[in-house]
Structures are given as C-alpha cells and as structure tokens.
Amino acid sequence: MFQNRITQLFGIDYPIIQAGMIWASGWKLAAAVSNAGGLGVIGAGSMYPEVLRDHIRKCRAATSKPFGVNIPLLYPDLDLHIQIIIDEQVPIVFTSAGNPRTWTKHFKDKGITVVHVVSSSKFAQKAQEAGCDAVVAEGFEAGGHNGREETTTLVLIPAVAEAVQIPVIAAGGIATGRQMLAVMTLGAEGVQMGSRFVACVEASSHESFKQAVIQAAEGDTRLSLKALTPVRLLRNHFAAQVQEAEARGASKEELTELLGRARAKRGMFEGDLEEGELEIGQVSALLRAIEPAAHIVETVWREFSEALNNPLQIR
Ligand SMILES: Cc1cc2nc3c(=O)[nH]c(=O)nc-3n(C[C@H](O)[C@H](O)[C@H](O)COP(=O)(O)O)c2cc1C
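Per-chain numbering applies: the sequence of each chain, read as written, is numbered from 1 onward. Per-residue local features are limited, in this predicted model, to residues with pLDDT of at least 70; the limit for side-chain atom pairs, both in listing and counting, is 80 or more; totals at the level of whole chains, interfaces and linings are taken over all residues. Hydrogens are left out, water is left out, and the side-chain values use all remaining heavy atoms of the structure.

1. Let's talk about the sheet that holds strand β1 (residues 16-18)
Then, in step 1: Pairing is parallel across the open sheet formed by eight strands, whose spatial order is β1-β9-β8-β6-β5-β4-β3-β2. Both outer strands of the open sheet, β1 and β2 (40-43), are each paired with one neighbouring strand and no more. Averaged over all pairs of adjacent strands, the angle between strand axes in this sheet comes to 25°, irrespective of strand direction.
Then, in step 2: In what follows, residue pairs with any heavy atoms lying within 4.5 Å of each other are defined as contacts. Here the axes come from fitting lines to C-alpha atoms, over the contacting stretch only for helices, and the angles between their N-to-C directions go from 0 to 180 degrees. In this text, helices come from DSSP runs of H or I with a minimum length of four residues, and strands from runs of E with a minimum of two, each type numbered from the N-terminal end. Here helix α2 (residues 27-35) sits on the sheet in contact with β1, β2 and β3 (67-72), set at roughly 170° to β2. Two strands pair if DSSP finds at least two bridges between them.

Now the structure itself:
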C-alpha cells in the first residue's frame, strides 16, 4: 500500500484530492471520491448554511471514509458555515481566498485538520506559520479563482516545496497520472484535481456545462477579471464581454456590474452556456469524457503507478 504524509494526514488510500468547487462538488461527488480511496471535498462556497449542513449529513451517510469541506474565507455567511463544520464534526477543512491566520487556530482547537490554498511561496509560508497542516499550491492553469502572480504549476510546486516543511498538494493543470507523477517529482505529496472532477457523472454541475468542458480545446480558457478577483473562464459571450470591457480599461465598478449576481450559478449550475460564468481550467483541453468518480480515481492512480515504472515513456 502506498503511504506518504498526505495519505497519513487524511487517512486515505491514494493522495488524490477532489477539489471543493462551487456548483460542482456536493455530497454525491465527495462521497464517491472518498469511497474510491481519494479525498472527497464538499464545496461550501455556493451553499447556504443549511444546505451545507444537509450535504455534510448526506455525505456522512454515503461514506464511512474521511471527507472534507472547502470554504472560501470571503463568504458572507462565513461564521455560520464554520459553526456548522464544527457542529457536524467535519474532520478536514480546506480554506481558500483569505488570510489563513484568521480561522486556522479556531479549527485546530476543535481537532480539525486544516489545509489552505495558496498561489505563492510567500502565502505558503504564512499558512505554515498560521498552523496549517498542509497547503494546496495552485498554479496559473487552474480553473476557478486564481493567483494574481500567474505562476504556473511547474514553477510554483518546487518553489513552495522548498519554502515550507508542511506537505504540499499540487493543483492546477493536473488530470492524469502522468501529470501527477510530474508534480510529485517536483516535491508535491498529493494532487488536487478540479476540472477533471467537473467532467464527472456525480458532479452537480449542469450537463451542458460538463459537455462544454469535454469539448473545450487548447486556448479556450482565459484568466479574467484580474481587477476584481482573477478567475479562469471558459470562452463564451459573457467572457467576451468581460474581455472587451477589460481591454478598454473598464472600472472595477463597471466590471462588478457586468458580473452581476448569480452569474456562476447561471452558467455552471443552470447551464446557460452563453451568459453564465463558466469556471474551468486549461486542462479541460485534455478531457474527452464524462466519467464516474471512482473510475477517475482508479485511472489516475493506475496511470501514476505505470508511469513510475516507465517515467520517460521509452518506446
Ligand atoms: C468549477 C470550479 C469551481 C471552483 N470552486 C472553488 C471553490 O469554491 N473554492 C476553491 O478553493 N477553489 C475552487 N476551485 C478551484 C479548485 O479547487 C482547484 O484548485 C482547481 O480546479 C485546480 O485546477 P484544475 O481545474 O486545473 O484541476 C474551483 C474550480 C472549478 C473548476
């Protein structure tokens, strides 16, 4: 059996983590990934507090394995979410989009394992100082919200692995076992995959969005809205409007108005492929099929193991 600091920290079989994702990772996906030996994570960022509680309970009923909750620290109902995570005794929390100092001790005092998502070595060190158990280092290729520095995974992982002593989980542009081996040779001890798990049977995202993801080609995503919160978007009418506004130097206020409310829900959950916000990573260009979560975990792990035996693909 494979073991390293990440499998031991989470109590899982394979160091494969399914990213917590708004409008995509509810209890069904998280439970399926955990049952397959990876770590499933519920994405709390698109859930009202009571919805989150419901997902945690359903996840616990569907798996006896460990699972986590991802919580972006900018959420308006943050206090309520945190109380629910504690009340429901969620064992593992992934925090993102905020200062790790604010909440880490609070979680740790309750015996919860805390992982913070970073996009630079500097923030990885801050997460370590705040007492986090591990960091997710997320590169420029990643779907969803992204670092301003635009550091790619290939550069970020060795830099973060050198900067901190706590284990590093690589994210951004990883969807295959061979990519997993690449980042593990650079110092990561696990991978977090988002886009690959959007193209998944159990993901709660809209079927049309899933289809758009597997049809995406190289160059179809772009880091947008850098003046607000940088986010990687799939090309569509909304993304084109954002690009046009940014090119003529639109103000923050104008961009905020263009974004409006519920754009992400409209795109990823309701399937409005033109006017909705469609968050996905560059690696969507490699995805060809919508597959069950267990199949994804098994395939990535098999590919990783095979690649270990023949890393240079000598034919
Ligand atoms: C649809 C979508 C929604 C996401 N939502 C969140 C989120 O709510 N919180 C978060 O920390 N990261 C979020 N992310 C980023 C992922 O957690 C993950 O780090 C990223 O997808 C990894 O890159 P990849 O897409 O290349 O696998 C999201 C990503 C996607 C594609």
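2. What about the packing of aromatic side chains?
Then, in step 1: Only centres within 6.5 Å qualify two rings of Phe, Tyr or Trp (six-membered ring in Trp) as a pair; their planes then separate them into stacked at under 30 degrees, edge-to-face at over 60, and tilted for everything else. In this structure the tally under the stated criterion is six aromatic pairs.
Then, in step 2: Geometrically, the ring pair formed by F10 and F94 is tilted, given 5.9 Å between the ring centres and 35° between the ring planes. Of the two residues, F10 is situated in helix α1 (residues 5-10) and F94 in strand β4 (residues 92-96); the sequence distance between them amounts to 84 residues. Summarising the burial analysis for this pair, F10 and F94 share the class buried.
Then, in step 3: One aromatic cluster is present, built from ring pairs that chain together F2, Y14, W301 and F304. A simple rule labels every residue: compare its accessible area, found with a 1.4 Å probe on the protein chains alone, to the largest value its type can have, and call it buried under 20%, exposed over 50%, or partly exposed in between.

3. Topic: the environment of V297
Then, in step 1: Along the chain, V297 turns up in helix α14 (residues 293-309).
Then, in step 2: If near-sequence neighbours (up to four positions away) are discounted, V297 is found in contact with Y14, I16, V33, A36, G38 and F197.

4. Some details on the side chain of R196
Then, in step 1: Here R196 shows up in helix α9 (residues 195-198).
Then, in step 2: Reaching out from R196, the side chain makes a polar contact with the side chain of E291 at a distance of 2.8 Å.
Then, in step 3: Aside from chain neighbours lying at most four places away, what touches R196 is A175, L287, E291, I296 and V300. Identification of polar contacts relies on pairs of N or O atoms within 3.5 Å, with a donor-acceptor requirement for protein atoms, meaning one able to donate a hydrogen and the other able to accept it, and with residues adjacent in sequence counted only if both atoms are side-chain atoms.

5. Looking at the nonpolar core
Then, in step 1: Put simply, a nonpolar core is a bunch of buried Ala, Val, Leu, Ile, Met, Phe, Trp, Tyr and Cys residues held in one set by side-chain atoms that sit within 4.5 Å of each other. Of all hydrophobic cores here, the largest spans 79 residues; its most connected members are I42, L52, I85, V135 and F197.
Then, in step 2: At seven residues, the largest contribution of residues to this core is made by α14.
Then, in step 3: I85 has contacts with L52, V69, I71, V90, V93, F107 and I112, leaving out every residue within four places of it along the chain.
Then, in step 4: Counting 14 residues, the second largest nonpolar core, distinct from the first, contains I17, L39, V41 and A134.

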